[in-house]
Amino acid sequence: MINRRELLRNGLLLGGAAAFSQLPLRTAFADSATMRLYWWGTPARAERTLGVARLFEAANPDVKINGEVGGNDYWSKLTTMLVGGNAPDIFQLEPGRFADYARRNTTLPLNDFLGKSIRTDKLAPGVMELGTVDGKVAGMPLSLNAFALFYDTEAFKQAGLNPPGAATTWDEFAKLCVELTKAIDRKNVWAVGNASRYTYAFDAFLNQRGKRLYGEDGKIGFDVNDAKDWYGYWESLAKNGGCVSAEVQSMDQIQVDSNPLATGKAAMAIAFSNQLLGYQSAVKNPLGITTLPVTDPSGPSGLFYRPGLHFGIASTCENPELAARFIDFFVNDMAAGKVLGVERGVPVNTDVKGAVVPLIDDVSKRTVDYISSIAGRVGAYPPPVPVGASEFDTRAFRPLADKVAFGQVTPAEAADQLVAEGGRILKG
């Protein structure tokens, strides 16, 4: 059962105050063939998702789907619905929170549907492992992506600077950011957003040091010195003018449309490979894509293939068989795949990928090429995040990064507090 107090404490404070919109595909009917689908993302994602839902309705005339899309308040809305017993039948989750929600029994294990309602014979090897938590398949991986760095190609050309590449170290990246900001020479425009508040960027940084954000024991996998180095790096970069101001940083809600690159405040962004489509739609100049900076060019890249997103079936879903059939359609149907393209990432069905790739535009092709290009550099997928990972991110890691940026605490103080909060929140 869902623990109401735990979910309220760990979930209701996860989102911002952005508007929530509901997009009904057809008039809802109060019968078992009506299903609710909930996700977040750009308008392009909404259009593609709704397009697949319409295709599913056309193939199943008795089925009606209500599509709902959330914004910056997605997680607080989802938690409210879960606690209130009004959960969507299917809802979208991301790897950094997926296992946390699964371990709270909010999602229904899919094991009984695999190979039946949900076909798995054409899925890329190892895909279902990316949806497995504590030995059960808790959700369906929808795509594959990886950490990436996007950059405005014109900004670098005009500055006469070479963009970062696979061998660029963090120190070299910092110098490049300072040079680029000076070359841009525009008020309130910097080289890059402040990524100190991104747990996924910190995870890559830790991986390069042979560590993890979370360990196998469900506790933090780093120490005070790691956190101090991370916060200190971005504090130094901000003071030297290489990344955005604290005020701009605080407006970034870890969504495409609020990132400084999308809002015109920066020329680069540390993000996920599949998000190139969303960023390119917001930026006029062509964007390039490369890997994150590294600690040592001859050492680990910090990269690993990850599920772009998951679909989970609510544990309270009244018609899980129908929900499973929709998930199967979403990942395995050829027509659905062509509608979705690679907006959520590279398709997990190999046949669908083969059919989709020749049809995609240049921007989409760049994301597929990027995923292929890092094949020899990716490491193992990390263990599932522990219970409390969402709270640790939103109530400890991110606020402390902002406090450092505003000069309210030093990197050393923030590091001590982060480790202490990790011990308090993550019980292992």
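Whatever comes next refers back to the structure up there.
Here's what I pulled together on the structure shown here. (Residues numbered from 1 in each chain as written. Predicted model: local features only at pLDDT ≥ 70, side-chain atom pairs only at ≥ 80, totals over all residues. Heavy atoms only, no water.)

## Looking at the state of the cysteines
Here is step 1: According to the stated counting rule, one finds zero disulfides in the structure shown.
Here is step 2: Cysteine Cys243 shares no disulfide, and the gap to the nearest cysteine sulfur, in Cys177, comes to 7.7 Å. (Disulfide = S-S within 2.5 Å.)

## Things to note about the sheet that holds strand β10 (residues 190–192)
Adjacent strands of a sheet form backbone hydrogen bonds with each other and so pair up, either parallel or antiparallel.
Here is step 1: Ordered in space as β10-β11-β9-β12, the four strands form an open sheet in which the pairing is mixed. Bordering the open sheet on either side are β10 and β12 (287–290), each of which pairs with just one other strand. Here the average twist between neighbouring strands, direction ignored, is 20°.
Here is step 2: With four bridges connecting them, strand β9 (residues 147–152) and β12 associate as antiparallel partners. Following the sheet pairing, Phe150 is matched in β12 by Ile289.
Here is step 3: Across the sheet, helix α6 (residues 170–184) touches β9, β10 and β11 (266–272), and the angle it forms with β10 is around 150°.
Here is step 4: Along the sheet, helix α7 (residues 199–207) makes contact with β9 and β11, crossing β11 at roughly 75°. (Pairing = 2+ DSSP bridges. Helix = DSSP H or I, 4+ residues; strand = E, 2+ residues; numbered from the N terminus. Axes fitted to C-alpha atoms, helices over the stretch in contact; angles between N-to-C directions. Contact = heavy atoms within 4.5 Å.)

## With respect to the sheet that holds strand β13 (residues 306–307)
Here is step 1: A sheet is described by the order of its strands in space; here three strands give the open sequence β13-β8-β15, paired in antiparallel fashion. Because the sheet does not close on itself, it has two edges, and the strands there are β13 and β15 (346–347).
Here is step 2: Note that strand β8 (residues 143–145) and β15 share two bridges and pair antiparallel. Bridging across to β15, Ser143 finds its partner in Pro347.

## What to know about empty space enclosed by the protein
Here is step 1: Applying the stated criterion across every chain yields a total of three cavities of 30 Å³ or more.
Here is step 2: Its boundaries defined by the atoms lining it, the largest cavity holds a volume of some 140 Å³.
Here is step 3: Listed by contribution, the elements that provide at least two residues to the lining of the largest cavity are α11 (320–332) and α12 (334–340). (1 Å grid on protein atoms, 1.4 Å probe; cavity = no way out; pocket = protein on both sides within 12 Å on 5 of 7 lines; lining within 4 Å. Points joined across faces, edges and corners; volume = space filled by probe spheres on them.)

## Remarks on the layout of surface pockets
Empty space among the atoms becomes apparent when a probe as large as a water molecule is rolled across them.
Here is step 1: The computed volume of the second largest pocket comes to approximately 320 Å³.
Here is step 2: Lining the second largest pocket are 15 residues, and of these Asp152, Ala155, Ile184, Arg186 and Asn285 lie nearest its centre.
Here is step 3: When residues of the lining of the second largest pocket are traced back to their parent elements, those giving at least two are α5 (153–159), α6 and β11.
Here is step 4: Along the lines of polarity and charge, the residues of the lining of the second largest pocket split into 10 nonpolar, three polar and two charged. (Nonpolar A, V, L, I, M, F, W, Y, C, P; charged D, E, K, R; others polar.)

## Describing unusual backbone geometry
Here is step 1: The phi angle at Asp134 is positive, at roughly 55°, despite the residue not being glycine.
Here is step 2: Residue placement: Asp134 occurs in the loop between β5 (132–133) and β6 (136–137).

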